[in-house]
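Fold and contact review
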Amino acid sequence: MPYPQAPWTLQGYAIQTLHLVNIDLVRPLIPLELKIISVWPGKTIASVYLSNYGSGSVLEYSELIIAPALVNYQSKIGGWISHIYVDNADSVAGGREIWGLPKELAEFTWKEGEHITVNQGKRKLCSLKYNQQTLAWRQGLSASGFSVKGNDLLIFPAKFQSVLGLIGSQLEIPAESPFSGIGLGQPLLTVHCEQMSLQVDAPKVVGQSDWRF
């Protein structure tokens, strides 16, 4: 088996943007079993997560995650991942076979402290320009994600420690990008994570779903 078994421990750095999006736009991207959490009338929170996992990780790769909504299932709250891209084929296999995530291969160009671009062949998926952080603090957090494998609705926890800082950013999503229809717009908030240690645990079955990506 080319990929490690869960949990995956990953170390590196990341940038996450948060956006207000229309629930009506993202509803088709999310299984009907999951209730979309409204944080404002007709709006939910979406996020774009860009990371680079290096030395000390079970696999070394870059990653782009699009989570179009905050969702709830039987009092369990988490994010739903509609699009996810990495630059390591073993990560694709593990993501699909362990967590049921729709991972695809893409190419990442990092200009640390300035700019990230993600392409899939000749198609640009997105790019993010950002500023260096000035104020930072160490923080530990935990969160959960939902996914579907076969007919099983899964939830998986993730825990991380990182030095966090708020930064300014500008997100560009071309019309040809598969997730351009989400209507992400410019970020409400952008968080830079340095010296990050992330652990993603094995999923647990919480229900059933006919969802197919």
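Provided above is the structure to which this section pertains.
Remember, predicted model here, so these are calculated numbers, not experimental data.

Turning next to the environment of Glu60. With respect to the element layout, Glu60 can be found in the loop between strand 3 (43-53) and strand 4 (61-67). Beyond its immediate sequence surroundings of up to four residues, Glu60 is in contact with Tyr53, Gly54, Ser55 and Asn88.

Next up on the list: the pairing of strand 5 (residues 69-73). Across the two faces of strand 5 the burial differs, with Ala69, Val71 and Tyr73 buried and Leu70 and Asn72 not buried at all. Sheet analysis places strand 2 (residues 35-36) next to strand 5, joined by 2 bridges and oriented antiparallel. Looking at strand 5, one finds that Ile36 is bridged to Val71. In textbook terms, the turn of a hairpin is the stretch between consecutive antiparallel strands, and for strand 5 and strand 6 (residues 76-80) this stretch comprises 2 residues, one of which, Gln74, has a positive phi near 50°.

So, about the pairing of strand 11 (residues 123-130). As paired strands, strand 10 (residues 115-120) and strand 11 are joined by 6 bridges and run antiparallel to one another. Pairing of Gln120 across the sheet is with Arg123, part of strand 11. Remark: 2 residues form the turn of the hairpin made by strand 10 and strand 11, two consecutive strands paired antiparallel; Gly121 in that turn has positive phi of roughly 65°. Here 4 bridges tie strand 11 to strand 14 (residues 169-172), and the two strands are oriented antiparallel to one another. Looking across to strand 14, one finds that Lys129 is bridged to Gln170.

Tallying each qualifying case throughout the model produces 7 aromatic pairs. When the centroid spacing of 5.4 Å and the interplanar angle of 85° are considered together, the rings of Tyr13 and Trp110 count as edge-to-face. Here the residue Tyr13 occupies a position in strand 1 (residues 8-22), and Trp110 occupies one in strand 9 (residues 107-111), the gap between them amounting to 97 residues. What makes Tyr13 partly exposed here is its relative accessible area of 22%. Through pairs of rings, three or more aromatic residues link up here, namely Trp8, Tyr53, Tyr61, Trp99 and Phe156.

Turning our attention to the environment of Leu198. Position of Leu198 among the secondary structure elements: in strand 15 (residues 189-200). Here the alpha-carbon distance between Leu198 and Gln11, two residues 187 residues apart in the chain, equals 6.2 Å.

It is worth spelling out the state of the cysteines at this point. Following the criterion strictly, the structure yields 0 disulfides and no others. Note on Cys126: no disulfide assigned, nearest cysteine sulfur contributed by Cys193 at a separation of 16 Å. Among the residues examined, Cys193 registers a relative accessible area of 6% and is labelled buried.

Scoring rules and cut-offs
Here the residue numbers are simple positions, counted from 1 along each chain's written sequence. Only residues with pLDDT of 70 or above have their local features reported here, since the model is predicted, and side-chain atom pairs are shown and tallied only from 80 upward, although totals for entire chains, interfaces and linings are computed over all residues. The basis for every side-chain value is the complete set of heavy atoms in the structure, and neither hydrogens nor water enter the calculation. Secondary structure elements follow DSSP: runs of H or I of four or more residues count as helices, runs of E of two or more count as strands, with numbering from the N terminus. Should any heavy atoms of two residues lie within 4.5 Å, those residues are considered in contact. Only protein chains enter the area calculation, which uses a 1.4 Å probe; residues under 20% of their type maximum are buried, those over 50% are exposed, and those in between are partly exposed. By the convention used here, strands pair only if DSSP detects at least 2 bridges between them. Classification of ring pairs rests on two measures: the distance between centres of Phe, Tyr or Trp rings, Trp counted by its six-membered ring, which must be within 6.5 Å, and the angle between planes, read as stacked under 30 degrees, edge-to-face over 60 and tilted in between. A pair of sulfur atoms, both from cysteines and within 2.5 Å, is called a disulfide here.

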